[in-house]
There are 2 protein chains.
Amino acid sequence: MTIQESGTTRPAGRPRSEKAERAIIEATLDLIGEGMGVSELSIEAIASRAGVGKTTIYRRWSNKEDLVVDALSTLKSPLPPLSGTSVREDLIALLDAMRRESGQARSRCVMNIAMSESDRYPRLMERFFKRAIEPRREALRAVIERGIASGELRPDLDVELGTAVLSGTMLWYTKWGPAGDLAPDLAERVVDAALHGLTP
Amino acid sequence: MTIQESGTTRPAGRPRSEKAERAIIEATLDLIGEGMGVSELSIEAIASRAGVGKTTIYRRWSNKEDLVVDALSTLKSPLPPLSGTSVREDLIALLDAMRRESGQARSRCVMNIAMSESDRYPRLMERFFKRAIEPRREALRAVIERGIASGELRPDLDVELGTAVLSGTMLWYTKWGPAGDLAPDLAERVVDAALHGLTP
DNA sequence: AATTTACGAAACGGCACCGTTGCGTATCGG
DNA sequence: CCGATACGCAACGGTGCCGTTTCGTAAATT
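Predicted model, so just to flag it, every value in this text is computed and none were measured.

On to the relation of the copies chain A and chain B. Think of it as a corkscrew move, a rotation about one axis and a shift along it, taking one chain copy to the other. Overlaying chain A on chain B yields an RMSD of 0.1 Å, the required transformation being a rotation through 180° with an accompanying axial translation of 0.0 Å. Accordingly, the operation relating the two chain copies is best matched by a two-fold axis. It is Gly197 of chain A whose C-alpha, among those of chain A, lies nearest the rotation axis, at 1.8 Å. In this assembly the copies share their binding face: 100% of the residues contributing to the interface of chain A also contribute to that of chain B.

Below, the discussion takes up the packing of aromatic side chains. The full count for this structure, using the stated rule, is 4 aromatic pairs over all chains. Geometrically, the ring pair formed by Phe129 of chain A and Trp176 of chain B is edge-to-face, given 6.2 Å between the ring centres and 85° between the ring planes. Residue Phe129 of chain A is located in helix 7 (residues 122-150), and its partner Trp176 of chain B is located in helix 8 (residues 159-176); the two belong to separate chains. In this structure Phe129 of chain A comes out as buried when scored by relative accessible area, which is 18%. The exposure class assigned to Trp176 of chain B is buried, which follows from its relative accessible area of 12%. When the centroid spacing of 5.3 Å and the interplanar angle of 85° are considered together, the rings of Trp172 of chain A and Tyr173 of chain A count as edge-to-face. For the residue pair Trp172 of chain A and Tyr173 of chain A, the accessibility class agrees, reading buried in each case.

Mapped onto the present numbering, the UniProt feature "DNA-binding region" (unreviewed entry) falls at residues 42-61 of chain A. Split by type, residues 42-61 of chain A is 75% helix and 0% strand. Its first and last C-alpha atoms lie 13 Å apart.

For DNA strand C, the set of nearby residues contains 24 residues, the closest of which are Lys54 and Tyr58 of chain A together with Thr56, Arg59 and Arg60 of chain B. Close to the protein, within 4 Å, the atoms of DNA strand C are drawn from sugar and phosphate at a rate of 67%. Note that a phosphate oxygen of DNA strand C is positioned 2.7 Å from one of the side-chain N or O atoms of Arg60 of chain B. Every element with two or more residues in the surface near DNA strand C is listed here: helix 2 (43-50) and helix 3 (54-60) of chain A together with helix 3 (54-60) of chain B. Looking at the surface near DNA strand C, the element that brings in the most residues is helix 3 of chain B, giving 4 residues. Class assignment of the residues belonging to the surface near DNA strand C gives a composition of 6 nonpolar, 10 polar and 8 charged.

Thresholds, definitions, all that
- Residues numbered from 1 in each chain as written.
- Chains lettered and ligands numbered in written order.
- Predicted model: local features only at pLDDT ≥ 70, side-chain atom pairs only at ≥ 80, totals over all residues.
- Heavy atoms only, no water.
- Least-squares fit on C-alpha atoms with pLDDT ≥ 70 in both.
- Contact = heavy atoms within 4.5 Å.
- Phe/Tyr/Trp six-rings, centres within 6.5 Å; stacked < 30°, edge-to-face > 60°.
- Helix = DSSP H or I, 4+ residues; strand = E, 2+ residues; numbered from the N terminus.
- Buried < 20%, exposed > 50% of the residue type's maximum accessible area, 1.4 Å probe, protein only.
- UniProt positions renumbered as here; feature names shortened; annotations may be inferred.
- Near = heavy atom within 4 Å.
- Polar contact = N/O pair within 3.5 Å; in protein donor to acceptor, adjacent residues only side chain to side chain.
- Nonpolar A, V, L, I, M, F, W, Y, C, P; charged D, E, K, R; others polar.

The following block contains the structure:
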């Protein structure tokens, strides 16, 4: 053995192309980003878009769902840094990250899929949720729990209800708000409305 | 002329079957209610489900989109009666209607379509929005404006922000809340959280 | 009764995609 | 160089749906 990678023998023959693999996943995300539902994605369209033979796709994934799972899993969810100075500031930081993401076509369409196809592709969505949704929800939950502990939030506050109010409101604007980008100060206004309530 | 209906001459020949028409629309809504996206609906599946020949469908609608528009338009949106005694009570009535609807598979799937396919079928969705979504939003808006006028809500409240907080929170529970039916007192809790805020 | 239109069923040619196979070429280890 | 594997490409037979047409029958008007 001349070259050996961490104890695993490299199989003989030409190695699989990393470039092709990335191109396939990029093409998949592109098509999803253009509004394709999972059921409308065709392997042939992905192969064509990626400049790749169908063989190269089938060699790696046995079916479309597995491919989509892997493609969605590559979407990073970098949570914004939280200053920790106040609950209000941290909430604004989290919600403003949602606002910024909602401006990207790819993120919007992925969200569409997450919301509408979870019944038909439960396996796919379970994995995607764990990867992309759960960390954000957990961050929000942590901020709220910290706020309850510090007295910045009601001691009897239902944490889930708090997350629902905050991210649900942003979700509403994303889908049904005025067309185009969301107002830059939206997160701040939503947080203040949620914190202080609609009554005088 | 022997029998004449309200000034319009009935054309000769066998009249179109009202029963077949309803069966077609029912079948369409059934399939949508089972999780079908618009793009996955096939005329053949609808015809088969309705016990009808494809001819009978094509005679009435020239394409799938027109059929879906008509089918969705038959979905009633009976707004709940508002007591008008207080903003809080009216809001609870409106949000509880959303909660009850979210338990019905057909309503859930229609909502899925409304949220995820609005990019691909803008014409369809525009009409559906006007029919099913806009009246509810308008009712919510009216209650909020009345509350501002009566002093029950902040005088400087952004009406759209208020609707976003209320219906967005319900939306969040519908899609991402705990599985199964929503808690019967959810609307009340959401309204109180929105009215009084998350702070002590 | 004659005419007209609608009905359900079946079949049509066409198309897009399926998943697989064969081909000639490219890229690796030995 | 040799064997092995991956590559892009093209073609395969199969399937499901398209929108249309044909057929025999049913239900209305005149």
